[in-house]
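Each chain, letter by letter, is given below.
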Amino acid sequence: MKREIEVLQCLKEKFGAEGYVRRDRRVFITVDAEKVKEAILLLKNKGYEHLSAISVTDWIKDGEFEITYHLWSYESKILVTLKTRIKRDKAIIESISDIWGGNARTHEREMHELFGVEFLGNDDLVPLFLEDWDGPPPFRKDFDWRAYVREKFYSMDNERERSYYD
Amino acid sequence: MGKKKSKEAKMMKKLIKAIWVFNWFNSCGFAELVPVVGSRWDMERFGMIVVGNPRHADVLFIAGYQTFKSIRRAQRIYAQMPEPKVVIALGSCTMTGGMYWDSYNTIKRLEDYLPVAMYIPGCPPRPEAVFEACAKIFKHVEEME
Amino acid sequence: MINVFERLNDGKYTIYFGPAHPGSGNFGVKLEVDGECVISARADPGFLHRGFEKLMEYRIPIQNAVLSDRICILESLAWNLVHAEAVDELMGIDVPERARYIRVVLAELSRIQSHLIWFGVISAGTGFDTGFKIAFGLRDYILDIFEMVTGGRVYPAGYICPGGVRRDFPRGAKERIMRVISKICVDEDTTVLEKLENKVLKDRLEGVGVLSAREAIKLGATGPVLRGSGIKADVRRDDPYEVYECFEFEIPTMNEGDAYARYCVGIEEIKESAKIVRQALKMMPDGDYIAPQFRKPKLHVKIPEGEVYVRNEVARGEGCVYMVSDGGDKPYRVKIRGPSFLHMIPVLEHLLCGAEIADVPAIYWSLNVCPADMDR
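Residues numbered from 1 in each chain as written. Chains lettered and ligands numbered in written order. Predicted model: local features only at pLDDT ≥ 70, side-chain atom pairs only at ≥ 80, totals over all residues. Heavy atoms only, no water.

1. Comments concerning the sheet that holds strand S8 (residues 306–314) of chain C
Residue and element names in this part refer to chain C.
Right, so step 1: Here we have 3 strands laid out as an open sheet, ordered S8-S9-S10, and antiparallel in their pairing. Among the strands making up the open sheet, the edge pair consists of S8 and strand S10 (333–337). Geometrically, the sheet is characterised by an average inter-axis angle of 10 degrees between neighbouring strands, direction not taken into account.
Right, so step 2: Pairing of strand S9 (residues 317–325) with S10 involves 5 bridges; the strand directions are antiparallel. For Met323, the partnering residue across the bridge sits in S10 and is Val334. (Pairing = 2+ DSSP bridges. Helix = DSSP H or I, 4+ residues; strand = E, 2+ residues; numbered from the N terminus. Axes fitted to C-alpha atoms, helices over the stretch in contact; angles between N-to-C directions.)

Structure follows, in structure tokens:
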């Protein structure tokens, strides 16, 4: 637990971050959106060189997107989850593709497609999974899949499909 | 050889050629169709073989749910196949959407897009179910003559 | 002298590799080719995209356990485990010791069968059909065990569920697993697959698709791909989950980083997994197979507020689930990190640049890919 607290303290001092140690080898840290790239660079120089994933959580009630970076260190064997919040109606954040290259670029490309988050500095944000998709970014909370599917695929008149409307 | 030929032997004699299958699998078809080709279940003993080119194929196996991106390619593959051609759909996803019934990206009924001759239910169907379908294809060929 | 060769060879063109492969799910690569040499490659995923992450937001954990099989069809039990662990950790469930051992046995068997598929498709992709038939024949023995224990050949339908496992080991399962393991691993350090090794397979794979250790880390490669590049990293050892710290096993690595190295790591891993299964069966304690509060499934159980990031070593590499709960009975957000996502897009694109066309299948299949866990 000592090394986990050390990482947390270091980021707290440098960036005024908040966070907690969930259990052995798991640290969750929240930083401001402007400082996130600096914090990632610092962590990378400390040995957190495996970018496991980039994820977005849509906190629709707060009107915010939470962007999470999951970094693993092969040396100290700790997983740091770096979180930052950005406004939902102005979803722009700096890209980290210049630090990690293809790895980060692909993760950001996916998140751009599924959540509509803009990553500044990533030149490769073309759709990854979907072809000719003209709806809203599909993974946002305000896009109700069940309502969409009922309207698009099923009909109330079909007896087989009526149970989908319950 | 006995005097009377078995029903199967008669049926096999009527077949002009072996049935060539083209697989279009979306994941779960791979997990169950490839063993059918493999050594334990061995579909070649029924006179069926998997080919790598739709232009050689008689039967198109559509295995599993289709996304909008993949049904487009499936239709193109179907168009490339020579007549007569048969489409066989595997799994419950092709009938109703299966467990992806509320997914925004999968089609729900395959028959809207391709003329399906036979559905094999199951999630995924067992190799025995695929064999039963194979037996029915032979019957189908017999009727076609 | 009239030079006709020049005119023949002046064209750059594009070829499409996929989306229909004989050896995997649907996935395409667009190759820019000059003569025989690939200049650049562009992956074209998305044929299997169902949106699992959001489908899980609409369902309760007991339904999600069934859904989690389908993340990667080739190793459904391993993904079952990742999901169950995430829910266990969020809810603070104390999983009984016996259930943990059963989970480990099934996860390792799932790894063995997945590596057998890998061996099969590598053989098929490089024109060695005997290997394909034998590997898939052997895999069917393991599927029979799955059927006996979980009830499903390919999909266990949520056998590894939050709280433990659905059902205890049936009688005779241990002996049967031991028999199957001894069929695949003839003795401690030889598998059947090594006996099949031949010059053709080796020549096709050696020196092809070299991934340096630095690039492997930068591009996020994990699992056999990373270990084939000489880095000794395994989630089971570095970040132990379930009861992996109790077992003795080695982490095979190769320094070459080419397709053959990855293939060799895969074969070695089958032996190590067999070792773990043998130990786990020996050490398995008696007792409960599911936590008492889950013995009777309750539908709407509140998941406490919080977030977890669970890492597992699935057969293809690092499989993770990031689960966020806001206190309701359904997870608020689930992020699934499949190992093939990075293997098939940045790593594959990187390796294909500069390769020959004939080596494309060898490189593609040496990465142990599964399109389903990339598209999700």
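2. Brief notes about the pattern of salt bridges
Right, so step 1: By the definition in use, this model includes 52 salt bridges over all chains.
Right, so step 2: We note a salt bridge from Asp44 of chain C to Lys69 of chain B, for which the minimum N-O separation is 2.8 Å. Taken together, the positions of Asp44 of chain C in strand S3 (residues 37–44) and Lys69 of chain B in helix H3 (residues 68–80) put the pair across two chains.
Right, so step 3: Judged by its relative accessible area of 5%, Lys69 of chain B falls in the buried class.
Right, so step 4: Each of Glu108, Arg111, Arg227, Asp234, Arg236, Glu269 and Glu313 of chain C takes part in salt bridges that share partners, so that together they form one network. (Salt bridge = Lys/Arg side-chain N within 4 Å of Asp/Glu carboxyl O. Buried < 20%, exposed > 50% of the residue type's maximum accessible area, 1.4 Å probe, protein only.)

3. Comments concerning the interface of chain C and chain A
Right, so step 1: Contacts between chain C and chain A engage 46 residues on the former and 51 residues on the latter.
Right, so step 2: Interface area, chain C with chain A, both sides summed: about 4000 Å², of which 53% is carbon and sulfur.
Right, so step 3: The largest per-residue losses of area from chain C upon contact with chain A belong to Lys54, Tyr309 and Tyr332 of chain C, which jointly make up 17% of the total buried on that side.
Right, so step 4: Linking chain C to chain A there are 10 salt bridges.
Right, so step 5: Residue Lys335 of chain C pairs with Glu110 of chain A through a salt bridge whose shortest N-O separation is 3.5 Å. (Contact = heavy atoms within 4.5 Å. Buried area = accessible area lost by both parts, 1.4 Å probe.)

4. With respect to the domain arrangement of chain A
All names here are of chain A.
Right, so step 1: Along its sequence, chain A is organised into domain 1 (2–129) and domain 2 (134–166).
Right, so step 2: Taking only C-alpha atoms into account, the centre of domain 1 sits 33 Å from that of domain 2.
Right, so step 3: On the side of domain 2, 6 residues touch domain 1, which itself brings 8 residues to the contact.
Right, so step 4: Summed over both partners, the interface of domain 1 with domain 2 buries about 650 Å², with 60% contributed by carbon and sulfur atoms.
Right, so step 5: Among the residues of domain 1 in contact with domain 2, Arg88, Leu114 and Phe115 are the three that bury the most area, contributing 57% of the side total.
Right, so step 6: Here domain 1 is connected to domain 2 by 1 salt bridge.
Right, so step 7: In this structure, the salt-bridge partner of Arg88 is Asp142, at a minimum N-O distance of 3.5 Å.
Right, so step 8: Taken together, domain 1 and domain 2 are joined by 4 residue pairs in polar contact (both at pLDDT 80 or more).
Right, so step 9: Broken down by element, the side of domain 1 that touches domain 2 gets its largest block of residues, 3 residues, from helix H4 (residues 102–115). (Domains from an automatic or database assignment. Polar contact = N/O pair within 3.5 Å; in protein donor to acceptor, adjacent residues only side chain to side chain.)

5. Re helix H6 (residues 129–150) of chain C
An α-helical turn contains 3.6 residues, so a residue and the one three or four places further along point in the same direction.
Right, so step 1: Under the 1.5 Å per step criterion, the end-to-end length of H6 of chain C is 31 Å for 22 residues, consistent within 8% with the ideal 32 Å.
Right, so step 2: After H6 of chain C finishes, the residue Gly151 of chain C shows a positive phi value of roughly 100 degrees. (Expected span 1.5 Å × (residues − 1).)

6. Let's talk about the environment of Lys44 of chain A
Residue and element names in this part refer to chain A.
Right, so step 1: Along the chain, Lys44 turns up in helix H2 (residues 36–45).
Right, so step 2: Assessed through its relative accessible area of 24%, Lys44 is described here as partly exposed.
Right, so step 3: Each C-alpha atom of the pair Lys44 and Asp166 lies 50 Å from the other, and the pair is 122 residues apart in sequence.
Right, so step 4: Setting aside anything within four residues of it in sequence, one finds Lys44 in contact with Glu49, Ile99 and Trp100.

7. A few points about the nonpolar core
Right, so step 1: If you look at the biggest cluster of nonpolar residues, it comprises 217 residues, and the most contacted ones within it are Leu11, Ile29, Tyr69, Leu82 and Val117 of chain A together with Phe169 of chain C.
Right, so step 2: Ranked by residue count, the leading element in this core is helix H5 (residues 97–125) of chain C, at 14 residues.
Right, so step 3: Two domains each donate at least three residues to this core, and these are domain 1 (2–129) and domain 2 (134–166) of chain A.
Right, so step 4: By size, the runner-up hydrophobic cluster in this structure holds 17 residues, among which are Phe22, Trp24, Ala57 and Tyr78 of chain B. (Core = buried A, V, L, I, M, F, W, Y, C linked by side-chain atoms within 4.5 Å.)

8. Some points on the environment of Trp100 of chain A
Right, so step 1: Its location among the elements puts Trp100 of chain A in helix H3 (residues 97–100).
Right, so step 2: Of the residues examined, Trp100 of chain A reaches a relative accessible area of 0% and is grouped as buried.
Right, so step 3: Put simply, Trp100 of chain A and Leu51 of chain A are 49 residues apart on the chain and 7.8 Å apart in space, counted from C-alpha to C-alpha.
Right, so step 4: Excluding anything up to four places from it in sequence, Trp100 of chain A contacts Ile40, Lys44, Tyr48, Glu49, His50, Leu51 and Leu71 of chain A together with Lys218 of chain C.

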